[in-house]
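Tertiary structure, described
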Amino acid sequence: MNTPYPTLDPRARRLLRTLISQYIREGEPVGSRTLAKRSGLDVSPATIRNIMADLEDIGLVAAPHTSAGRVPTAQGYRVFVDSLLQVQPLEADEIARLRANLPAGAGTQTLLSNVSELLSAMTHFVGVVTVPRREQFAFRHIDFVALDGQRVLVILVFTDNEVQNRIIHTRRPYSPSELEQTANYLNAHFAGRPLSEIRNTLLREIRDAHQAMEQALANAADLAEQALDPGSEDVLVAGQTRLMGVQDLSDLDRLRELFEAFARKREILQLLEGCIQAQGVRIFIGEETGLAPLDGCTVITSPYRGPQGQVLGVLGVIGPTRMAYERVIPMVQATADVLGAALNPAAPTQQPG
């Protein structure tokens, strides 16, 4: 990502990297004396002050009124993340921990719940993950059980090992034999195909059907219209209370706005959906999110993929702009990779109880 700022000379780059790294570690404004010690540059304090003044003029650092030191701005963090940061891959034991907590065959809902909690626990910030639409998954098997009146229990087994039980209200009562015939028809002709494709195919075939098949197809279309409804997409959020202990987000009004945004979820879901087509990690710093409650935060996201390489959703971390980017960025990327590997249709099928 290109920045709108002038190209920094090597000394300015080193001092900016040193200042931001020091500020992330300590959380206090960084003075010229500290920079002289930490940067390893053989320059005078006066030269460092001049360079800091230049960086302040172009908006990369700021000087709080209460201190002679300086702190990075959101623009400074952006330059740091884009061109100064050295990201290292996760250690083998951390990858092993991810895989242990995201085992293949655990079922999509279980995996997604584990992901948001795991991201929060490993980063000490807020973990988020969007829930993929059910229509993105093929179903493996379907059964219908008559309840009372015009209510039918639908048991759906998907190829990602997720089992769903749904109660639907039909236009008329169905006998057990009709339900069995419909289930057999759907299992024989549509197992392994996505839900939206099944509905569209049924509606098309019923228009073209011969008289002998018309009633069976009509029954299948009636039941499938509701039974194979993919449902709405949502987002799972974990670890909001961890932000209460973050020094940079201690203002009660700001925390209240953040918690209200987490409760609504709508804006956060829209932000994450905008990352669906990203090739890898995306980073939003401060006002780049477009959400006022997140002005003092950084959002780091990565899409996760299904077994055929299709993007199923987005996961990520929400925390203060003062975070250990070199650690959180690879953690988000690795979690997306491990989650994608866990969503493997070759894993053993969980049968409904």
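The structure contained in this document is the topic of the report that follows. (Residues numbered from 1 in each chain as written. Predicted model: local features only at pLDDT ≥ 70, side-chain atom pairs only at ≥ 80, totals over all residues. Heavy atoms only, no water.)

Moving on, we get to the overall build of the chain. When helices and strands are tallied, the chain shows 12 helices and 10 strands. Relative to its 353 residues, the chain shows a buried fraction of 48%. Element-wise, carbon and sulfur atoms account for 47% of the exposed surface of the chain, whose accessible area totals about 17,200 Å². (Helix = DSSP H or I, 4+ residues; strand = E, 2+ residues; numbered from the N terminus. Buried < 20%, exposed > 50% of the residue type's maximum accessible area, 1.4 Å probe, protein only. Areas by Shrake-Rupley, 256 points an atom, 1.4 Å probe, with all protein chains shown as cover.)

Attention shifts here to the layout of surface pockets. Taken as a whole, the largest pocket holds about 430 Å³ of empty space. Along its surface, the largest pocket is lined by 23 residues, and Ile24, Arg25, Met323, Ala324 and Glu326 are the ones closest to its centre. Breaking the lining of the largest pocket down by element, the ones donating at least two residues are α1 (10-26), α4 (74-84), α6 (108-123) and α12 (325-342). Partitioned by chemical class, the residues of the lining of the largest pocket number 12 nonpolar, six polar and five charged. (1 Å grid on protein atoms, 1.4 Å probe; cavity = no way out; pocket = protein on both sides within 12 Å on 5 of 7 lines; lining within 4 Å. Points joined across faces, edges and corners; volume = space filled by probe spheres on them. Nonpolar A, V, L, I, M, F, W, Y, C, P; charged D, E, K, R; others polar.)

A few words now on the sheet that holds strand β6 (residues 163-169). Strand order in the open sheet made by the three strands is β4-β5-β6, with antiparallel pairing throughout. Looking along the sheet, the strands with just one partner apiece sit at the ends: β4 (139-146) and β6. Sheet twist, expressed as the average angle between the axes of neighbouring strands with direction ignored, equals 20 degrees. Of the strand pairs in this sheet, strand β5 (residues 151-158) and β6 are connected by seven bridges, and their pairing is antiparallel. Its bridge partner being in β6, Val157 is matched across the sheet by Val163. Sitting on the sheet, helix α7 (residues 176-190) touches β4 and β5, and the angle it makes with β4 is about 175 degrees. (Pairing = 2+ DSSP bridges. Axes fitted to C-alpha atoms, helices over the stretch in contact; angles between N-to-C directions. Contact = heavy atoms within 4.5 Å.)

Where like charges cluster on the molecular surface, the positive patch consists of Arg25, Arg33, Lys37 and Arg38. For the positive patch, the element with the most residues is helix α2 (residues 32-39), which contributes three residues. The topology assignment puts Lys37 in helix α2. With a relative accessible area of 67%, Lys37 lands in the exposed category. (Patch = residues over 30% accessible without salt bridge, like charges linked within 9 Å, V, L, I, M, F, W, Y side chains within 5 Å. Salt bridge = Lys/Arg side-chain N within 4 Å of Asp/Glu carboxyl O. Lys, Arg positive; Asp, Glu negative; His and termini not counted. Charge placed at Lys NZ, Arg CZ, Asp CG, Glu CD.)

Let us look at the packing of aromatic side chains. Considering all chains together, one arrives at three aromatic pairs under this definition. Measuring from centroid to centroid gives 5.8 Å for Tyr77 and Tyr325, while their planes differ by 45 degrees, and the two rings are tilted. On the criterion of sequence distance, the pair formed by Tyr77 in helix α4 and Tyr325 in helix α12 is long-range, its members being 248 residues apart. Exposure remark for Tyr77: the relative accessible area of 2% places this residue in the buried category. Above the face of the Tyr174 ring, Arg172 is positioned so that its terminal group lies 4.1 Å from the ring centre. When the ring centre of Tyr23 is taken as reference, the NZ or CZ atom of Arg322 above it lies at 5.8 Å. (Phe/Tyr/Trp six-rings, centres within 6.5 Å; stacked < 30°, edge-to-face > 60°. Lys NZ or Arg CZ within 6 Å of the ring centre and 35° of its normal.)

Below, the discussion takes up the side chain of Arg70. Examined against the element boundaries, Arg70 turns out to sit in the loop between β1 (61-62) and β2 (71-72). Polar side-chain contacts of Arg70 include one of 3.0 Å to the side chain of Glu56. Residues in contact with Arg70, not counting those within four places in the same chain, are Leu19, Pro29, Val30, Met52, Ala53, Glu56, Val61, Ala62, Ala63 and Pro64. (Polar contact = N/O pair within 3.5 Å; in protein donor to acceptor, adjacent residues only side chain to side chain.)

This part is about the pattern of salt bridges. Inspection of every chain in the model, using the stated rule, returns six salt bridges. Between Glu56 and Arg70 there is a salt bridge, and its shortest N-O distance comes to 3.0 Å. Taken together, the positions of Glu56 in helix α3 (residues 45-57) and Arg70 in the loop between β1 and β2 put the pair 14 residues apart, joining distant regions of the chain. Residue Glu56 is classed as partly exposed on the basis of its relative accessible area, which comes to 32%. What makes Arg70 buried here is its relative accessible area of 15%.

Turning next to the sheet that holds strand β8 (residues 282-285). Sheet strands line up and pair through hydrogen bonds in the backbone, either parallel or antiparallel. Taken in spatial order, the five strands of this open sheet run β7-β3-β10-β9-β8, and their pairing is antiparallel. Edge positions in the open sheet fall to β7 (234-238) and β8, since each of these has one partner strand only. Each neighbouring strand pair of the sheet contributes to a mean axis angle of 20 degrees, computed without reference to strand direction. Sheet topology places β8 next to strand β9 (residues 297-305); four bridges connect them, and they run antiparallel. Bridge pairing in β9 links Phe284 to Val299.

A separate point is a negative patch on the surface. A surface patch of like charges, here negative, comprises Glu257, Glu260, Glu287 and Asp295. Structurally, the position occupied by Glu287 is in the loop between β8 and β9. Overall, the relative accessible area of 63% leaves Glu287 in the exposed class.

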